[in-house]
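Now for the letters of each chain:
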Amino acid sequence: MEGVEDPLFATKVMGDGCAIRPIDGKVFSPANGTITVLAETGHAIGLLTDNGCELLLHIGIDTVKLEGEPFAAYVAVGDKVSVGQLLMDVDLGQIEKARLSTTTMVIVTNTDAYTKIASTTNATVAAGDKLISIE
């Protein structure tokens, strides 16, 4: 997270987690749980995992400015989701054309509930891979 181009995320104001530079526009659920937030502009999804972890998937940096254009959600607030389930398609080219970053953050917003949060050290991850471990 410290390397994210936005100080709000890099300083972990919103919580600890990990950042991903996507290679395609597919956003998959990192855990089993329930959708709690779907930003009107599509740039963020909140997920309460089955074990009580509150996650925020924030797609891109400053992508709220795009007013929903590059985002197509397949879920709604209240939907139960499974790890690896497709949540959204994102037009990464449209984000890049707007000169915005596609870096996507997976943030544990209830960071204070845990003693340790560690993100993967793998350089490459795929849908269903473990991104974050919590204790």
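To be clear, the structure that these remarks concern was listed above.
These numbers were taken from a predicted model, which means no experiment stands behind them.

Peer 1: Explain the side chain of Asp6 here, please?
Peer 2: With respect to the element layout, Asp6 can be found in the segment before α1 (7–10). Lacking a salt bridge, the buried Asp6 has Lys65 as its closest oppositely charged neighbour, with an N-O distance of 8.7 Å. Polar contacts involving the side chain of Asp6 include one to the main-chain amide nitrogen of Leu8, which spans 2.7 Å. Once residues lying within four places of it in the same chain are set aside, the contact partners of Asp6 are Ile61 and Asp62.

Peer 1: Quick question: what am I supposed to make of the nonpolar core here?
Peer 2: Note that soluble globular proteins tend to have their nonpolar side chains buried in a common cluster. Formed by 26 residues in total, the largest nonpolar core has its most connected members in Leu55, Leu87, Met88 and Val90. Sorting the residues of this core by element identifies β4 (44–49), β5 (54–61), β8 (86–90), α2 (92–97) and β9 (101–108) as the ones contributing at least two each. By size, the runner-up hydrophobic cluster in this structure holds nine residues, among which are Met1, Val4, Leu56 and Met105.

Peer 1: When you look at the layout of surface pockets in this model, what are you seeing that I'm missing?
Peer 2: The rolling of a water-molecule-sized probe over the atoms marks out the regions of remaining empty space. Estimated volume of the largest pocket: approximately 810 Å³. Lining of the largest pocket is provided by 35 residues; of these, Ile20, Arg21, Pro22, Val125 and Leu131 occupy positions nearest its centre. Taken together, the elements giving at least two residues each to the lining of the largest pocket come down to β1 (16–20), β2 (26–28), β5 and β9. Split by residue class, the lining of the largest pocket holds 20 nonpolar, 10 polar and five charged. If you add up the space inside the second largest pocket, you get close to 260 Å³. With three residues, the top contributor of residues to the lining of the second largest pocket is strand β11 (residues 132–134). Residue composition of the lining of the second largest pocket, by class: eight nonpolar, three polar and two charged.

What counts as what
Residues numbered from 1 in each chain as written. Predicted model: local features only at pLDDT ≥ 70, side-chain atom pairs only at ≥ 80, totals over all residues. Heavy atoms only, no water. Helix = DSSP H or I, 4+ residues; strand = E, 2+ residues; numbered from the N terminus. Buried < 20%, exposed > 50% of the residue type's maximum accessible area, 1.4 Å probe, protein only. Lys, Arg positive; Asp, Glu negative; His and termini not counted. Salt bridge = Lys/Arg side-chain N within 4 Å of Asp/Glu carboxyl O. Polar contact = N/O pair within 3.5 Å; in protein donor to acceptor, adjacent residues only side chain to side chain. Contact = heavy atoms within 4.5 Å. Core = buried A, V, L, I, M, F, W, Y, C linked by side-chain atoms within 4.5 Å. 1 Å grid on protein atoms, 1.4 Å probe; cavity = no way out; pocket = protein on both sides within 12 Å on 5 of 7 lines; lining within 4 Å. Points joined across faces, edges and corners; volume = space filled by probe spheres on them. Nonpolar A, V, L, I, M, F, W, Y, C, P; charged D, E, K, R; others polar.

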